[in-house]
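Coordinate analysis (summary)
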Amino acid sequence: MFSKFFKKDPLQVITFQSYGTNTHLYARGRALEDESINLDSKNWFQLLINSWKRFETDEIKFTVLNIRLSDDTVFKVKTNHRGYFTINEPSNSLAKLCNEEGWLSYEVAYDDVDVLKKITSENRFPGQILIPKESTEYGVISDIDDTILQTGITSFLKLRVLFNTFFKPASNRTPLKGAAEFYHQLHRGSTGNKSNPIFYVSHSPWNLYRYLKLFLQHNNFPKGPILLRDFPKPFSGKKSLQDKKPQKQHEIVNIFKMYPKLNFILIGDSGEHDGDIYIEITNQFPGRVLAIYLRSVNNKRKMEYVKQLMQNYDQTPFLLVKDSQEAIIHARGNGFIS
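Residues numbered from 1 in each chain as written. Predicted model: local features only at pLDDT ≥ 70, side-chain atom pairs only at ≥ 80, totals over all residues. Heavy atoms only, no water.

1. Section: helix H8 (residues 324-333)
Let me state the cut-off plainly: Buried means the residue's accessible area, taken with a 1.4 Å probe over protein chains only, is under 20% of the maximum for its type, while exposed means over 50%, and partly exposed covers the values in between. Runs of H or I in DSSP of at least four residues are treated as helices and runs of E of at least two as strands, each being numbered from the N terminus. To be clear, the arc concerns the directions from the helix axis to the C-beta atoms. We call two residues in contact whenever any of their non-hydrogen atoms come within 4.5 Å of each other. N or O atoms within 3.5 Å of each other form a polar contact, as long as, within protein, one can give a hydrogen and the other can take it, and as long as residues adjacent in sequence are counted only when both atoms are side-chain atoms.
Of all the positions in H8, only Ser 324, Ala 327, Ile 328, His 330 and Ala 331 are classed as buried. When H8 is viewed along its axis, its buried side chains cluster within an angular range of 170 degrees and face the same direction. The exposed set on the far side of H8, more than 90 degrees from its buried face, consists of Ile 329 and Gly 333. Buried residues along H8 sit in contact with helix H3 (179-188), strand E13 (289-295) and strand E14 (318-321). A side-chain oxygen of the first residue of H8 lies 3.2 Å from the backbone nitrogen of Gln 325; this N-cap is Asp 323.

2. Digging into the packing of helix H5 (residues 247-258) against helix H6 (residues 274-284)
Going by this rule: Axis definition: a line fitted to C-alpha atoms, over the contacting stretch in the case of helices. Angles run 0 to 180 degrees between N-to-C directions. Under this scheme an angle from 65 to 115 degrees is roughly perpendicular, one under 35 degrees roughly parallel, and one over 145 degrees roughly antiparallel; angles in between are oblique. By the definition used in this description, the sense in which the near helix is turned from the far one sets the handedness, with an anticlockwise turn below a right angle giving left-handed and a clockwise turn giving right-handed. For this classification, Asp, Glu, Lys and Arg are treated as charged, while Ala, Val, Leu, Ile, Met, Phe, Trp, Tyr, Cys and Pro are nonpolar and the rest, including Gly, are polar.
Contact pair H5 / H6: the axes reach a minimum separation of 11 Å and the direction vectors enclose 30 degrees. Taken together, H5 and H6 sit at an angle that is classed as roughly parallel. Between H5 and H6 lies a crossing whose hand is right-handed. Contacts between H5 and H6 involve Lys 248, Gln 249, Ile 252, Val 253 and Phe 256 from the former and Asp 274, Ile 277, Tyr 278, Glu 280, Ile 281 and Gln 284 from the latter. Here the residues of the contact of H5 with H6 sort into six nonpolar, two polar and three charged.

3. Section: the pattern of salt bridges
We apply this condition: Every case where a carboxyl oxygen of Asp or Glu lies within 4 Å of a side-chain nitrogen of Lys or Arg is listed as a salt bridge.
One pass over the full model with this rule turns up eight salt bridges. Arg 28 is paired through a salt bridge with Glu 251; the nearest N and O atoms lie 3.0 Å apart. With a gap of 223 residues between them, Arg 28 in strand E3 (residues 24-33) and Glu 251 in helix H5 connect regions that are remote in the sequence. Judged by its relative accessible area of 10%, Arg 28 falls in the buried class. Among the ionic pairs, Lys 248 bridges to Asp 274, the shortest N-O distance being 2.6 Å. One end of the pair, Lys 248, is in helix H5; the other, Asp 274, is in helix H6, and 26 residues separate them in sequence. You'll find Lys 248 and Asp 274 in the same group, each marked buried.

4. What to know about the nonpolar core
This is how the line gets drawn: For our purposes a nonpolar core is just a set of buried Ala, Val, Leu, Ile, Met, Phe, Trp, Tyr and Cys residues, chained together by side-chain atoms within 4.5 Å.
Core analysis: the largest hydrophobic core is formed by 36 residues, its most contacted members being Phe 182, Tyr 200, Phe 221 and Tyr 293. Once residues within four sequence positions are removed from consideration, Phe 182 is found in contact with Ile 267, Tyr 293, Ser 324, Ala 327, Ile 328 and Ala 331. If you look at the next biggest cluster of nonpolar residues, it comprises 27 residues, including Phe 256, Ile 281, Ile 292 and Tyr 313.

5. Some remarks on the sheet that holds strand E4 (residues 64-69)
Counted only if it meets this: DSSP calls a pair of strands paired once it identifies at least 2 bridges connecting them.
With respect to topology, five strands assemble into an open sheet ordered E2-E8-E7-E4-E5, the strand pairing being mixed. The sheet terminates laterally at strand E2 (18-19) and strand E5 (74-78), the two strands that pair on one side only. For E4 and E5, the ladder comprises five bridges, and the chain directions are antiparallel. Within the sheet, the bridge partner assigned to Arg 68 lies in E5 and is Val 74.

6. Brief notes about the environment of Leu 176
Relative to the helices and strands, Leu 176 is located in the loop between helix H2 (159-167) and H3. Exposure remark for Leu 176: the relative accessible area of 10% places this residue in the buried category. Sequence-distant contacts of Leu 176, that is, excluding residues within four places in its chain, are made with Asp 146, Thr 147, Ile 148, Leu 149, Gln 150 and Arg 295.

7. What to know about the sheet that holds E3
Taken together, three strands build an open sheet; the order of strands is E1-E3-E6 and the sheet is antiparallel. Each of the sheet's edge strands pairs with one partner strand only, and the pair in question is strand E1 (11-16) and strand E6 (84-90). When the angles between neighbouring strand axes are averaged without regard to direction, this sheet yields 25 degrees.

This is how it looks when you write it as structure tokens:
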């Protein structure tokens, strides 16, 4: 049982940018062996090796971690059978620990430092949680794939998705024109000086978290929680009706419930199921969706389907846009941005 501690790879903790409230701590991450992935490499063979390392993970199961806030409050959490941890606990006065943008910093450490393995970063792994400020006007929930990052999801057998994921570094991936500018305007809001939160959701697995985070940073998108999914467990039996919902839909519902007094703008694309998901969310939380923007993709069948959805929908503004400029014009006309 102790054989895993004799492998050469040291231990690490990857924290995921998450979100919370003044009285609710919601932190997530994963304990793994450090495979030394070079995120800056542009060599095709190294990119392939990096992709293999992302998905062939050696998780640290059922281990206790300490989560320490800047006021020295400590929470203990145990990783699950795949190395993931989630702390979802009530707390007090967290807003006072945030910076001016609303980010609360914390550190994660392995509780047992007597293991027969090296722990990287001196057993101090930084993480952050976004706590929206009281002056927030609205939140923005955006899909990533083919909404702000060209993935090729509509390509034949999704071969373009595979090529882009395995053979393109994050720094070389192409953002959709004008998207970063539009998101910054939404972040600044109607007065130009707000800090409206931006939440990024994707059907991509958590294995791509650092890759997508680097893409957002490299292309100057506003910083925000990044919410992905775990791979489905094989041979897990029948799924409940709730489990059949896409994981990103569960994440969006959780955001709405976390902030019951906050309204949202939803942004996606017409290539997958964003239209259906966003309409269902709007019906589930009536009056709380200010607008839906879907970027049109080059697929006639999917475009026709979305147009049919829009014809029978009148709960909130629902726009199919060719580019970010069309969305900017509508957002400015409705007072969402200055």
